[in-house]
Amino acid sequence: MVDMPYEDFIRTRITELRMAKDVSEHRMSLDLGKSGSYIRGVTSGAALPSLKELFNIISYFDMTPGEFFAPLEQDDSAYHKLCERLRSLSEEDLEKVATFTKWITG
């Protein structure tokens, strides 16, 4: 798990994604229908977006909330590795895994 407060994560993540998209804070703010300094206020720590605005920001980057927060879940634990493998299984295979885990746990 990333070792930083969630507020810092959100600010850093927005900056990282904005730079990858090669868009200025001003342009992104306007694209979101906000004043030109809105994103600068968020990334500088002067403000945090509301939940609604955070979802708008995530949509702006054309990603899901899970994708936005994925770096928080990056680790090498057995649990995380298993979860990653489970995501690629078919529904039929997931049912088999569910049956197996019921057998293990009694």
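Residues numbered from 1 in each chain as written. Predicted model: local features only at pLDDT ≥ 70, side-chain atom pairs only at ≥ 80, totals over all residues. Heavy atoms only, no water.

Engineer: Explain the overall build of the chain residue by residue, including any values.
Structural biologist: The secondary structure content of the chain amounts to seven helices and zero strands. In summary, the chain has a C-alpha radius of gyration of 18 Å against a globular reference of 13 Å for 106 residues, an excess of more than 25%. Oriented by its inertia axes, the alpha-carbon framework of the chain measures out at about 55 × 25 × 25 Å. In the chain, 54% of the contacts between residues at least 6 apart in sequence involve partners at least 24 apart. Summed over all atoms, the accessible surface of the chain reaches about 7500 Å², with 56% contributed by carbon and sulfur. (Helix = DSSP H or I, 4+ residues; strand = E, 2+ residues; numbered from the N terminus. Rg over C-alpha atoms; globule rule 2.2 N^0.38 Å. Contact = heavy atoms within 4.5 Å. Areas by Shrake-Rupley, 256 points an atom, 1.4 Å probe, with all protein chains shown as cover.)

Engineer: Tell me about the nonpolar core, and name the residues and values.
Structural biologist: Grouped together as the largest cluster of nonpolar side chains are 18 residues, with contacts concentrated most on Ile14, Met28, Ile39, Ile57, Phe61 and Phe68. Those elements giving two or more residues to this core turn out to be helix H1 (6-20), helix H3 (38-44) and helix H4 (51-60). Each residue touching Ile14, except ones within four places of it in the same chain, is listed here: Met28, Ile39, Val42, Thr43, Ile57, Phe61 and Phe68. (Core = buried A, V, L, I, M, F, W, Y, C linked by side-chain atoms within 4.5 Å. Buried < 20%, exposed > 50% of the residue type's maximum accessible area, 1.4 Å probe, protein only.)

Engineer: Talk me through the side chain of Arg11; I want residue IDs and the actual numbers.
Structural biologist: Along the polypeptide, Arg11 turns up in helix H1. On the basis of relative accessibility, which here comes to 15%, the residue Arg11 falls in the buried class. Once you skip the residues sitting within four places of it in the chain, Arg11 turns out to touch Val42, Thr43, Gly45, Ala47 and Leu48.

Engineer: Outline helix H7 (residues 91-105), listing residues and values.
Structural biologist: Helix length check: H7 (15 residues) gives 21 Å between terminal C-alpha atoms against 21 Å at 1.5 Å per residue, within 8%. Taken across its 15 residues, H7 has zero buried, putting it largely on the surface. Positive backbone phi, approximately 85°, marks Gly106, located one or two places after H7. (Expected span 1.5 Å × (residues − 1).)

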